[in-house]
Amino acid sequence: MDQRDELEAQGKLEAWEYNPHDEDHRRPHKYFPNRPVDSEHVREWDKNPLLEKIKMDRGYKYSEIATISPEEMTDFEEKVKGYFKEHMHSQEEIRLILDGGGYWDIRDYDESWIRFRVNKGDLIVLPPGMFHRFTLDEHNYVKALLLYTNIPCRTQLEKSTEDDSIASCRKLYAEKVLNNPRAIHRKRPQISAH
Ligand SMILES: CSCCC(=O)/C(O)=C/O
Ligand SMILES: [Fe+2]
Ligand code: NI
């Protein structure tokens, strides 16, 4: 098996260093001997160094890609309703938007909702214990990369649930965020009667 057959068998593209010393650019422009370039080397360029650093720093070893759209899911309506139920997770929720978009709503200190628009390229990180909900926009489409430190788990702990894991997550979240004396509380505009 020569190198070309080997690459074909592995489903890889053949690539090599371009030899500029030839007039006709329609020819392969290989050096002799050829200087093959592993196509994985080119694929590496696709990796976002910032994302790689975040994964390394925060210990994210697992990931999955979720596409939420009626075309991709048989249980679309049910799932979308579920994401919009107020919930939290026992792990950090970290999502990189690869395509499409939507909204995340998070609870402010006074329990009012703050809405975030997310688009392609945005990274959202919610701490464990923070109540939130997610919805698609009118385009009904998002594709996201979900990261995990452990085996992928998207378990939603809903506010209404009596669950010890909610209690412990909320306790930590309250200590770190809600009861933080340095927290800056937003002044909300007065609602005028009309
Ligand atoms: C766009 S990622 C899927 C929604 C999800 O996993 C979640 O937990 C929303 O809060
Ligand atoms: Fe969530
Ligand atoms: Ni009104």
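As a reminder, the structure under discussion sits directly above these lines.
From a predicted model like this one, the values you see are computed outputs, not experimental measurements.

Caption draft 1: A look at unusual backbone geometry. With an omega of 0°, the peptide bond running from Phe32 to Pro33 counts as cis. Mapped onto the elements of the fold, Pro33 is located in the loop between α1 (3–9) and α2 (39–43). Even without being glycine, His29 reaches a positive phi, approximately 55°. Tracing the sequence through the fold places His29 in the loop between α1 and α2. Accessibility expressed as a relative area gives 3% for His29, which makes it buried. A positive phi angle, near 75°, is found at Glu111, a position not held by glycine. With respect to the element layout, Glu111 can be found in the loop between β4 (102–107) and β5 (113–118).

Caption draft 2: Representation of the packing of aromatic side chains within the structure. With the rule as written, the count across this model stands at two aromatic pairs. Ring centres of Trp104 and Phe134 lie 4.5 Å apart, and the angle between their planes is 50°; on these two criteria the pair is classed as tilted. Here the residue Trp104 occupies a position in strand β4, and Phe134 occupies one in strand β7 (residues 132–136), the gap between them amounting to 30 residues. Residue classification places Trp104 among the buried positions, given a relative accessible area of 4%. Among the residues examined, Phe134 registers a relative accessible area of 7% and is labelled buried. Grouped by ring-pair contacts, the aromatic residues Tyr83, Trp104 and Phe134 constitute a single cluster. Seen from the ring of Tyr103, Arg115 lies directly overhead, with NZ or CZ sitting 4.6 Å from the centre. A cation over an aromatic ring shows up here: Arg117 above the ring of Tyr103, its NZ or CZ 5.1 Å from the ring centre.

Caption draft 3: Up close: the site of ligand 1. Ile68, Tyr83, His87, His89, Glu93, Arg95, Trp104, His132, Phe134 and Val142 make up every residue found near ligand 1. In the environment of ligand 1, an oxygen atom lies 3.1 Å from a nitrogen or oxygen atom belonging to the side chain of His89. Between ligand 1 and Glu93, the relevant distance is 2.9 Å, taken from an oxygen atom to a side-chain nitrogen or oxygen of the residue. Broken down by secondary-structure element, the contributors of at least two residues to the shell around ligand 1 are β3 (93–100) and β7. Per-class residue counts for the shell around ligand 1 are five nonpolar, three polar and two charged.

Caption draft 4: A look at the pattern of salt bridges. Here the structure, examined in full by the defined rule, presents 17 salt bridges. Two residues, Asp137 and Arg117, come together in a salt bridge whose shortest N-O distance is 2.9 Å. Placement of Asp137 in the loop between β7 and β8 (142–148) and of Arg117 in strand β5 is noted, with a sequence separation of 20 residues between them. A salt bridge links Lys171 to Glu175; the nearest nitrogen and oxygen atoms lie 3.8 Å apart. Taken as a pair, Lys171 and Glu175 lie in helix α5 (residues 164–178) at a separation of four residues, close to a single helical turn. Both residues of the pair, Lys171 and Glu175, belong to the exposed class.

The rules behind these values
- Residues numbered from 1 in each chain as written.
- Chains lettered and ligands numbered in written order.
- Predicted model: local features only at pLDDT ≥ 70, side-chain atom pairs only at ≥ 80, totals over all residues.
- Heavy atoms only, no water.
- Helix = DSSP H or I, 4+ residues; strand = E, 2+ residues; numbered from the N terminus.
- Buried < 20%, exposed > 50% of the residue type's maximum accessible area, 1.4 Å probe, protein only.
- Phe/Tyr/Trp six-rings, centres within 6.5 Å; stacked < 30°, edge-to-face > 60°.
- Lys NZ or Arg CZ within 6 Å of the ring centre and 35° of its normal.
- Near = heavy atom within 4 Å.
- Polar contact = N/O pair within 3.5 Å; in protein donor to acceptor, adjacent residues only side chain to side chain.
- Nonpolar A, V, L, I, M, F, W, Y, C, P; charged D, E, K, R; others polar.
- Salt bridge = Lys/Arg side-chain N within 4 Å of Asp/Glu carboxyl O.

Keep in mind these values describe shape, not function.
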